Amino acid sequence: MNDPWWQTAVIYQVYPRSFADGDGDGVGDLSGLLARLPYLASLGVDGIWLTPFQPSPQVDQGYDVSDYCNVDPLFGTLQQFDQLLDLAHSLGLRIVLDVVPNHCSSEHPLFQQAIKSSPGSAERALFHFAAGPDAVTPPNNWQSVFGGSAWSRVNPGSDSDLDWYLHLFSSAQPDWNWRNPLVGDFFADVLRFWFDRGVDGLRIDVAHALFKAEGLPDAATTGAVIDGLRSNPLVSDQEEVHEVYRRWRTLTDSYTPERFLVGEVNLEPHRAARYTRSDEMHQAFAFAFVRLGWDTNEWVAVGRELEAARLEHGASPTWALENHDIVRSATRFGGGSRGAARARAGLLAILGLPGGAYIYQGQELGLPEVEVPLAARVDPMWERGGVSRDGARVPLPWTVSPERSHGFSLADSTSSPWLPLPPSWGSSAVEVHQENPDSTLRLIISALELRRQLAFKGVLNPNDAGAWRVENGNLLICERGSDFLVAVAMGDEPARLPTGSAVIIASSPQAVEGWLEPDNAAWVLQN
Ligand code: GLC
């Protein structure tokens, strides 16, 4: 049997509200995406992952879903989605959608019924409702990922209804109770709805957190919030969650072997890999990678851990350096011109590693994190916890001219974009990159073309192992197969490439043959 396409796919993440605004209301939408689809096809990616566009009050920019099987009028219609699917498929692009099974919106009809029902009712049993020891103390000490208690009172002030409900994220995102089998049946229908429409894959939001420890006991520490979700054994990574993915794998495979599931499993590599055993999800993002600095030893340690997880569980690595929740890599890697060079090198590097890779919109333009003015910030994490993810979500610049918000808006309008574009944005516009042969965009297009050719010639194979090492303290190497390696110069001095190296693509031109300048990556053939 052929190796499945997704195993080596490069998928481009579209954050719809910031990609392209077709109707000029300041928020990106499906008609904008439809119009810009040829751009995505021209990159040479295999598919696109769309973050949520389903009906939602938009408290968490769509991750608070009030109807799992429709399109929010803010983004368009189901008919437009079908058009998008058809056009994408005709351009050779697969479509991956987000499914948010840990929580819904507090406006979801089932949650609305639950709050109108009495404590102990079947309606409330779909969620986590519980009374605290008294009217003002929540049932346990869990903290929300977005800051503050993970519990809110249903009817503050009522003497007869002392229930609280659990929300790992904002109070507008009540957690489903996955111990109730009706919840599993509800989501099986959601998966079928989108697979029946023809989507190729689903990205599963907060995939490791659906089940909470039985009885919802207090945590030993109320500790750091994001970390709490990752490492708090009560809130996430319960054994029961794997049954969900076994069921979903059977459901997914009942369509075609081409459909797939990718999990947001924000755990250490050896735990995350258990979610991609052969009868569970197909992929899980290599999250350990997005926490790395620009440091050879850190990269090698995590690379080896992921490789060990691959050997133990068959987990196919899935690389990503950015997404809509993370500070842009150009800024994370130090900012300024060095940060920009490192982000570009990092992207070229992950595209050469064995496995699949995800590119977040704007990464091909080298966009840095934006310091969004305080008054313009809308992320609920900012409001509850003082951390804002808005800076990675600013609308894309398409044109140098500031007109129509640097081309983000495709229609004449006076509406401002939902997040302001910084004055520097025009210099990173798509059209600037398209015209400059040395741009990051052109580099990525060349790299993806080369990746296809090397796969065709059998130089790159889907099941290649990755052997990680550091040479001379400043050169990171991941060797795959016998004659291909990815090299990244992470020190302050040029790094000597291994003897017999022929560079086939580099993130910027080599000054001296056999050497890689600092903050640069190269794909190398060995002879
Ligand atoms: C995921 C999403 C993030 C969202 C959270 C809650 O981590 O990527 O944007 O806020 O889930 O749904």
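As the structure is a prediction and not an experimental result, all values here were calculated from the model.

**Q** Looking at this model, I keep getting lost on the pairing of strand S8 (residues 260-263). Mind explaining?
**A** In regular strands, side chains alternate between the two faces of the sheet. Of the two faces of S8, the one holding Phe260 and Val262 and the one holding Leu261 and Gly263 are both buried throughout. Bridging between strand S7 (residues 201-204) and S8 involves four bridges; their strand directions are parallel. Its bridge partner being in S8, Leu202 is matched across the sheet by Leu261. Of the strand pairs in this sheet, S8 and strand S9 (residues 283-284) are connected by two bridges, and their pairing is parallel. Bridge pairing in S9 links Val262 to Gln283.

**Q** Looking at this model, I keep getting lost on the sheet that holds strand S14 (residues 484-489). Mind explaining?
**A** The pairing of strands in a sheet comes from backbone hydrogen bonds and takes either a parallel or an antiparallel form. Overall, antiparallel pairing links the five strands, which are arranged S12-S13-S14-S18-S16 in an open sheet. A single partner strand is all that each edge strand has here, and the edge strands are strand S12 (466-471) and strand S16 (501-506). When the angles between neighbouring strand axes are averaged without regard to direction, this sheet yields 25°. Note: S12 against strand S13 (residues 475-480), six bridges, orientation antiparallel. Within the sheet, the bridge partner assigned to Glu471 lies in S13 and is Leu475. Strands in contact with helix H8 (residues 296-313) are S12 and S13; relative to S12, the strand with the most contacts, it is inclined by about 160°. Lying on the sheet, helix H14 (residues 440-456) is in contact with S14, S16 and strand S18 (520-526); it crosses S16 at an angle near 130°.

**Q** Can you help me understand the site of the ligand in this one?
**A** As a structural note, the neighbourhood of the ligand is formed by 14 residues, with Asp60, His103, Asp205, Glu264 and Asp325 the closest of them. Contact between the ligand and Asp325: an oxygen atom at 2.5 Å from a side-chain N or O atom of the residue. For the ligand, the accessible surface in isolation is 310 Å², of which the surrounding protein chains cover 96%. In terms of residue class, the shell around the ligand is built from four nonpolar, three polar and seven charged.

**Q** Which parts of the structure should I look at to understand the pattern of salt bridges?
**A** Side-chain pairing between opposite charges can occur once the charged atoms of the two side chains come close. Scanning the entire structure with this criterion turns up 35 salt bridges. In this structure, the salt-bridge partner of Arg389 is Asp325, at a minimum N-O distance of 3.2 Å. One end of the pair, Arg389, is in the loop between helix H11 (380-385) and helix H12 (403-406); the other, Asp325, is in the loop between strand S10 (318-320) and helix H9 (329-332), and 64 residues separate them in sequence. Arg389 gets classed as buried once you look at its relative accessible area, which sits at 9%. Taking relative accessible area as the criterion, Asp325 reaches 26% and is therefore assigned partly exposed. One connected set of salt bridges, linked through shared partners, spans Asp60, Asp325, Asp379, Arg389 and Arg393.

**Q** How should I be thinking about the confidence of the model for the protein chain in this particular structure?
**A** Low pLDDT marks stretches whose predicted atomic positions should not be read closely. Put simply, the protein chain has an average pLDDT of 94, and 98% of its residues get 70 or more. Overall, residues 224-228 carries pLDDT values under 50, and its contacts beyond four positions in sequence, including any with other chains, amount to seven contacts.

**Q** Can you walk me through the nonpolar core in this structure?
**A** Taken as a class, soluble globular proteins show a tendency for nonpolar side chains to be buried jointly. Residues Tyr12, Leu40, Phe81 and Phe289 are the most contacted members of the largest nonpolar core, which totals 136 residues. Beyond its immediate sequence surroundings of up to four residues, Phe289 is in contact with Trp299, Val302, Leu306, Trp319, Ala320, Leu321, Ile350, Leu353 and Trp468. Grouped together as the second largest cluster of nonpolar side chains are 17 residues, Ala150, Leu166, Leu234 and Val235 included.

**Q** Looking at this model, I keep getting lost on the packing of helix H2 (residues 78-90) against helix H4 (residues 181-197). Mind explaining?
**A** Any two packed helices are characterised by how steeply their axes cross, that is the angle between the axes, and by the distance between the axes. Viewed as axis vectors pointing N to C, H2 and H4 meet at an angle of 55°, and their least axial separation amounts to 11 Å. As the angle between them shows, H2 and H4 are arranged oblique. Note on element contacts: H4 touches H2 through Phe193, Trp194 and Arg197, opposite Leu78, Phe81, Asp82 and Leu85. Of the residues belonging to the contact of H2 with H4, the class tally is five nonpolar, no polar and two charged.

**Q** I keep staring at the sheet that holds strand S4 (residues 129-131) and nothing clicks. Help me out?
**A** Here we have three strands laid out as an open sheet, ordered S4-S6-S5, and antiparallel in their pairing. Looking at strand neighbours, the two that pair on one side only are S4 and strand S5 (151-153), the edges of this open sheet. Strand-to-strand twist in this sheet, taken as the mean axis angle between neighbours without regard to direction, amounts to 40°. Sheet topology note: the S4/strand S6 (residues 163-166) ladder contains three bridges and is antiparallel. What sits directly across from Phe129, in S6, is Tyr165.

Rules of the game
- Residues numbered from 1 in each chain as written.
- Predicted model: local features only at pLDDT ≥ 70, side-chain atom pairs only at ≥ 80, totals over all residues.
- Heavy atoms only, no water.
- Buried < 20%, exposed > 50% of the residue type's maximum accessible area, 1.4 Å probe, protein only.
- Helix = DSSP H or I, 4+ residues; strand = E, 2+ residues; numbered from the N terminus.
- Pairing = 2+ DSSP bridges.
- Axes fitted to C-alpha atoms, helices over the stretch in contact; angles between N-to-C directions.
- Contact = heavy atoms within 4.5 Å.
- Near = heavy atom within 4 Å.
- Polar contact = N/O pair within 3.5 Å; in protein donor to acceptor, adjacent residues only side chain to side chain.
- Areas by Shrake-Rupley, 256 points an atom, 1.4 Å probe, with all protein chains shown as cover.
- Nonpolar A, V, L, I, M, F, W, Y, C, P; charged D, E, K, R; others polar.
- Salt bridge = Lys/Arg side-chain N within 4 Å of Asp/Glu carboxyl O.
- pLDDT = per-residue confidence, 0-100.
- Core = buried A, V, L, I, M, F, W, Y, C linked by side-chain atoms within 4.5 Å.
- Parallel < 35°, antiparallel > 145°, perpendicular 65-115°, else oblique.

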